[in-house]
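Listed below are the residues making up each chain.
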Amino acid sequence: MQNEDETVPSARGRIVMLVDNDIVRDSRVQKAAKSIADAGWEVHLLGVHSAKRPRTWMLGSAHVRHLKLHHTLLRNRHSVWRAALRRPLAYAHPNVANYRRRLVQSRRADLAASRLAPGAGRPVRRTWLLARRVTAKLQARWFALRARQTDSLAKARGNPRAPVERITLKFWQALLGDRAWRVLDRNLWDWDSAYGKVIDQLEPDIIHANDFRMLGVGARAARRARAKGRTVKLVWDAHEFLPGIRPWGIGSRWLPAMCAHEREYAGDADAVVTVSEELADKLVAAHGLRHKPTVVLNAPVTEGEPTGDEPVPDLRELCGVGPDTPIAVYSGSASVQRGLDIMIEALPRLPRLHVALIVATARSEYVQGLRARAAELGVDDRVHTLPYVPFDQVAPFLSAADLGVIPIHHWPNHEIALITKFFEYAHARLPIIVSDVQAMGDMVKATGQGEVFHAQDLDDYVRAVEAVLGDPQRYRAVYDDRPDLLHEWTWEAQAEILDGVYTGLLPSAAKPSAPAPSASGDQLIGAQD
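Notes on the structure follow. Note that the structure is a prediction, hence the values are computed from the model and not measured.

Calculation rules
Residues numbered from 1 in each chain as written. Predicted model: local features only at pLDDT ≥ 70, side-chain atom pairs only at ≥ 80, totals over all residues. Heavy atoms only, no water. Buried < 20%, exposed > 50% of the residue type's maximum accessible area, 1.4 Å probe, protein only. Helix = DSSP H or I, 4+ residues; strand = E, 2+ residues; numbered from the N terminus. Pairing = 2+ DSSP bridges. Contact = heavy atoms within 4.5 Å. Phe/Tyr/Trp six-rings, centres within 6.5 Å; stacked < 30°, edge-to-face > 60°. Lys NZ or Arg CZ within 6 Å of the ring centre and 35° of its normal. Right-handed = clockwise from strand over helix to strand, strands pointing away. Patch = residues over 30% accessible without salt bridge, like charges linked within 9 Å, V, L, I, M, F, W, Y side chains within 5 Å. Areas by Shrake-Rupley, 256 points an atom, 1.4 Å probe, with all protein chains shown as cover. Salt bridge = Lys/Arg side-chain N within 4 Å of Asp/Glu carboxyl O.

Details of unusual backbone geometry
Logical step 1: Positive phi values are uncommon outside glycine, yet Ile 23 reaches one of about 75 degrees.
Logical step 2: For Ile 23, a relative accessible area of 1% gives the class buried.
Logical step 3: Of note in the backbone geometry, Gln 456 takes a positive phi value of approximately 65 degrees without being a glycine.
Logical step 4: Positionally, Gln 456 belongs in the loop between strand S14 (450-453) and helix H17 (458-470).
Logical step 5: Owing to a relative accessible area of 57%, Gln 456 belongs among the exposed residues under this scheme.

Okay, structure coming up:
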């Protein structure tokens, strides 16, 4: 592995790519950084990590760096005055309620032990114990009332329809407009603190901001550079339709804050790229963009030198099964809206099938819940959780399976794009079983490369799996019959598009033209037969 410090300035220009994750689990940004660096740009990819000593490393010719993020401005959801306004009897923090509950239990236990102690039946002792018992009951009822108020307060705080939450949100939106994120989610400034100085020091020609958090970070960095007289271009890479996602932030203010932040800075982008034509249209409508975003698909790498020295792992060996055992594979983020539970629930009805879940971590609460459910159904020996592999090994790794599953639920953001795993399954030449979300469901129906089932419908999912396992070659044949699909669905093709976006912003950085062949037929110096 090369050192990150081995920087060789490029004639084409310097690009700083920003992403709000640890990079390792984001194949799109890794592919973009490596391919663009291979095309002659000087690339610096910045992400975040919780490690005390953030890493730096090389990804091909791209320089990768982890930054330290301190969540100093995460909103305090438990301030005393808000609790007093909404539930006057509630404790200011749920931990206080838990402490009081445990205190009542301990006092009851102590009282029960005292009643069994020698001499407890004496008149004075008995009167004293009676007084303690009455006091304990009154305290228990008082604490229980306040605990119920605390639980109610916690639910209200997470309820976007709660009157106080609605009024507060509307007030700040009316007062500040798209600037309201500064009050609704001040944590966005923590990201700016982590990235800002590093971007300024690198003095990029182009800032490539991935997704909505980094859009603001990149826009403010570009403004600072222009104020100093430097020419900097901003590319916004929109991975999601933000208003249509299932919110993963805490509290009801997170999504309105992120949407306001995106709206404020969307107009700063000199170029916008995104993952599908439909999302491109939605971004134009939502932000009044001057030009339709360029589509760069989340397709897999199919050519080039591997990024590591390790061979591709054997999926079947990791699952401990032979070549005749059918495997349904899921690769990617594991969360409720991804619908993985249906793969577990179906196993008792599919007695030979094994399930391989290739996820970022097997220790997450959701994945542990899937494992627990598999144990309840008696199928835990047929469920395997495996770690991610390098992005350029995904397709060959998956190819050992029999079918790829995308059981995603219906959310607006899920309807509009062919997601990364769709292309990875295709290049692994797997039949694809996908829920009836619009873009992917329509594509599978059109190509015949798999089966579509009604989302969250167990019976229909079982039908789809049985259909594929009954005649897998019928679905795999599509990849042989339609080589144009796989050619278009490659990162190599998409990297050319992305390079074109950069070149359009910096015409002086265009790739040098290949020299024309010599008319006289003379060989160039150093050329060999």
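Digging into the sheet that holds strand S5 (residues 206-210)
Logical step 1: Taken in spatial order, the eight strands make up an open sheet running S3-S4-S2-S1-S5-S6-S7-S8, and their pairing is mixed. Across the chains shown, the open sheet's two edge strands, defined by having one partner strand only, are strand S3 (56-59) and strand S8 (294-295).
Logical step 2: Of the pairings in the sheet, the one linking strand S7 (residues 271-274) to S8 comprises two bridges and is parallel in character. What sits directly across from Val 273, in S8, is Thr 294.

Comments concerning the environment of Asp 499
Logical step 1: The residue Asp 499 is located in helix H20 (residues 491-505) in this model.
Logical step 2: Apart from residues lying up to four places away in sequence, Asp 499 is in contact with Arg 12, Ile 36, Ala 39, Trp 41 and Lys 511.

Comments concerning the packing of aromatic side chains
Logical step 1: Taken as a whole, this structure holds 10 aromatic pairs when the rule is applied.
Logical step 2: Consider the rings of Phe 453 and Tyr 461, whose centres lie 5.2 Å apart with planes at 70 degrees: the pair is edge-to-face. The exposure classification of Phe 453 matches that of Tyr 461, with both residues buried.
Logical step 3: Among the aromatic side chains, those forming a connected cluster through ring pairs are Trp 181, Trp 189 and Tyr 265.
Logical step 4: Above the ring of Trp 57, the side-chain terminus of Arg 55 is found at 4.0 Å from the ring centroid.

So, the pairing of strand S1 (residues 14-18)
Logical step 1: Counted residue by residue, S1 has four buried out of five residues, so it is predominantly covered.
Logical step 2: Pairing geometry for S1 and strand S2 (residues 42-49), over five bridges, is parallel. Looking across to S2, one finds that Val 16 is bridged to His 44.
Logical step 3: Assessed by its sense of winding, the connection that carries the chain from S1 through helix H1 (residues 27-38) to S2 is right-handed.
Logical step 4: As judged from the four bridges shared by S1 and S5, these two strands associate in the parallel manner. Paired with Leu 18 across the bridge in S5 is Ala 209.

Observations regarding a nonpolar patch on the surface
Logical step 1: Taken together, the side chains of Leu 130, Val 134 and Leu 138 make up a nonpolar region of the molecular surface, amounting to roughly 270 Å² of accessible area.
Logical step 2: With respect to the helices and strands, Leu 138 occurs in helix H4 (residues 123-157).
Logical step 3: The class for Leu 138 is exposed, based on a relative accessible area of 55%.

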